[in-house]
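A closer look at the structure
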Amino acid sequence: MSLAYGLSRLAVLGLCLVPMAAGAATPAPADFVFRNGSIYTLDEASSVAAALAIQGGYISSIGQDAEIEPLIGADTKVVDLEGRMLMPGLVDAHMHVLTGGLDLLNCDMNYQPVDIEQLLTHIQGCIDGDGETAGDEDWVQVVNLDYPSLVTKSGQVDKRELDTLQTKRPITIRSSDYHTNLLNSRGLALSNITAETPDPPGGKIERLPGGQEPSGVLQDAAGRELVKIPPPTESVRLEACRAALRLLRQAGITTFQEASAGPDHSALFRQLRASGELTARAYFDYSIQPPASVQDVDKLVADTVAAIKSMHDNATIGPKPTLKWQAVKMFLDGVITYPARTAAVVDPYWNPLNASDAAGAWAPDPSTLNAPYWSPEILSTALEGLFLAGVDAQLHADGDLAVRYGLDAAQAFLARHPDKKEQFRLGLAHEELSHQDDWARFAELGVDAIMSFQWAQLSSFYIPSTFATLGDYRRGNLQAHRRIEEVGRPIVYGSDWPIDPLDEFLALKVAVTRSGDPTNPNSPASFGPPYAGIFPGDPISRESALRAITVNGARFLRAEESIGSLEVGKLADLVVLEKNYFEVPAEEIGRQRVLLTMVGGEVVFAADDAQAAFGVTPKFPNLEQGDGVGQLNSRAIGGFDRRGLSRRGVAAVARLRRRGHCSHEHHG
């Protein structure tokens, strides 16, 4: 951004320009100044500065300390960074904020690998901890189970194990990948799932051997659509949103995209905005399902456009966060991971040649092929109508066939409308497996890959069975961040929280090393031993990874003129880090802490030690034990941010399970 452009933008924004000398101009005294720091702007030139000034929620000047000094007035708040790194606020382009917030209020397995005995003991402790506050009709909701680890350790698990628990209450356990649910017999009965219940479109009811009796394991749409859990009350949902926003600002996230949303999201976040509690810029993808036929597409498009327009905030992006509805979310498939294997793939999954010997030889099994949930014709027709109506799209595409379907739809649109390439936004989310013939098409078609870097580490999701079911020849096509980037399309990052724990810097570490941080149990997003080692494929650079979660995300959201980088005239969305991301050894990239988060020039989070060091008071207090908010720390193993395992100790977790005690609270 040129100085002339920056000054003209400031003038348009109403910021006063005061003449300093002939031919020069400068903003009025700043409201806020950061100085003596390492300020990484992530502008086109990757500039690094020492000081930054803010006025009216916008960046009014960036440069060296001496250049910013004249902008310090009597009322200017000055923060001495003492060399610390300051960077743009994080833009997470794919997460599930309301669901993540509800998880913060639920009984949380915190992604820990457990066997069936450990799982049952923990659930029984949660049930006992509820005491008389829960009735026989109240669901026991368990979240964030590492389902692949459970199956690896204990084999296939079903309702018969859950039925041994001492309770009459219905139980549902949700896998951390959101594609598998496990119910006890009472849960199946209350949901009216019987031997006669057919598999829903895009889902599967697994059956007990030798018949049609439901096993209690529900895959994809079967779990999403058939389980009859009463929805949480509005007050609980509001509490969940507040908890989620607290976690986001603590993580340094200043902009998020809710990747699957509906009218309930709109009502909740409007309340939070009205009360001044919205502390991140909010973008929402309106979730839609495939219609029955091509003839039904026009009505789907018309209804979708009307719904989005009714919820979209047309206000210009400014210091105060707004609510933007400008895209849809469509699920093309499930997940590639074993045992689910619901993703659509080009070649068949492999199965053990001997069904009783999963550790032996595997071979392709054509019966494992899945069709994407949207047919090519319906998908292309729907996207064309939406794009022409000014609606963007994000498609869940985990397997290489689903990725190809998404790219084919973009190609079909551009073949009919070649002048529209720069006017639409299409993101394909996840791409855990993509085909080498399709990598260059992302750049050719202007399609964005929205990827979750933390999946490119060795983990129970891949070892041993997912690698085996894909065959050795496809390993190089997993998590192909580098391959897509090097042919011309920079990656966009989306955490997919709460599918995974929220740890953005661990994800960045994985992106630049293709490995987790197994010696640091402080993050449940990193898998410990025996998952040390390098994931197949090539890493990307530190700058590429950081741009994926800042400027690239802002571009995908059509907000690059206002956020994503630190430039004169852009909004003051920024974070201060404890350590310099560009200077720490590679193995320490994930061991990062956000000290301060600012949105539109307002400090919305500051760590306790940062408040003292910087002399700032954030808009919201931090968690404190003993107050109502502090109870959030007791609802999951590892505490509110799920990163306290090293402080509490794995041994303490084991003791809780042996005692059958669970301190989690249950809501709705």
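What you see is a predicted model, and the numbers here were worked out from it, not measured in a lab.

**Brief notes about the nonpolar core**
Counting residues in each nonpolar core, the largest one holds 121 residues, and the members touching the most others are Phe34, Phe256, Phe269, Phe453 and Tyr581. Residue contributions to this core peak at ten residues, all from helix H9 (residues 234-251). Apart from the residues lying within four places of it in its own chain, the contact partners of Phe269 are Val97, Cys241, Leu245, Phe256, Leu278, Phe284 and Leu323.

**Concerning helix H10 (residues 263-274)**
The end-to-end C-alpha distance of H10, which contains twelve residues, comes to 17 Å, matching closely the 16 Å that a straight helix rising 1.5 Å per residue would cover. Elements in contact with the buried residues of H10: helix H3 (97-104), H9, strand E17 (253-261), strand E18 (281-287), helix H11 (297-311) and strand E19 (323-331). Just downstream of H10, Gly276 is the residue with a positive phi angle, here 80°.

**Observations regarding the packing of aromatic side chains**
Under the defined criterion, the tally for this structure stands at 16 aromatic pairs. Look at Tyr338 and Trp362: their rings are 5.8 Å apart centre to centre, the planes differ by 70°, and that puts the pair in the edge-to-face class. In this pair, Tyr338 sits in the loop between E19 and strand E20 (350-352) while Trp362 sits in strand E21 (residues 362-364), placing the two residues 24 residues apart along the sequence. Between the aromatic rings of Phe453 and Tyr493, the centroid separation amounts to 5.1 Å while the plane-to-plane angle is 35°, which identifies the pairing as tilted. Residue Phe453 is found in the loop between strand E24 (448-451) and helix H15 (465-470), and its partner Tyr493 is found in strand E25 (residues 492-493); the two are separated by 40 residues along the sequence.

**Remarks on the side chain of Thr337**
Tracing the backbone through its elements, the reader meets Thr337 in the loop between E19 and E20. Under the relative-accessibility criterion, Thr337 is labelled buried at 6%. Beyond its immediate stretch of four places on either side in the chain, Thr337 contacts Asp177, Phe461 and Thr466.

**Focus: the packing of H11 against helix H12 (residues 376-388)**
Contact pair H11 / H12: the axes reach a minimum separation of 9 Å and the direction vectors enclose 40°. For the pair H11 and H12, the crossing hand works out as right-handed. Where H11 approaches H12, its residues Val297, Val301, Thr304 and Val305 are matched on the opposing element by Ile378, Thr381, Ala382, Gly385 and Leu386. For the contact of H11 with H12, a count of residues per class yields six nonpolar, three polar and no charged.

**A look at the environment of Leu119**
Relative to the helices and strands, Leu119 resides in helix H4 (residues 116-130). Exposure remark for Leu119: the relative accessible area of 0% places this residue in the buried category. Each C-alpha atom, one on Leu119 and one on Leu145, is 8.8 Å from the other, the two residues being 26 residues apart in sequence. Sequence-distant contacts of Leu119, that is, excluding residues within four places in its chain, are made with Met109, Val114, Leu145, Leu150 and Ile173.

Cut-offs used in this document
Residues numbered from 1 in each chain as written. Predicted model: local features only at pLDDT ≥ 70, side-chain atom pairs only at ≥ 80, totals over all residues. Heavy atoms only, no water. Core = buried A, V, L, I, M, F, W, Y, C linked by side-chain atoms within 4.5 Å. Buried < 20%, exposed > 50% of the residue type's maximum accessible area, 1.4 Å probe, protein only. Helix = DSSP H or I, 4+ residues; strand = E, 2+ residues; numbered from the N terminus. Contact = heavy atoms within 4.5 Å. Expected span 1.5 Å × (residues − 1). Phe/Tyr/Trp six-rings, centres within 6.5 Å; stacked < 30°, edge-to-face > 60°. Axes fitted to C-alpha atoms, helices over the stretch in contact; angles between N-to-C directions. Left-handed = near helix turned anticlockwise from the far one by under 90°. Nonpolar A, V, L, I, M, F, W, Y, C, P; charged D, E, K, R; others polar.

By themselves, these figures tell us nothing about what the structure is for.
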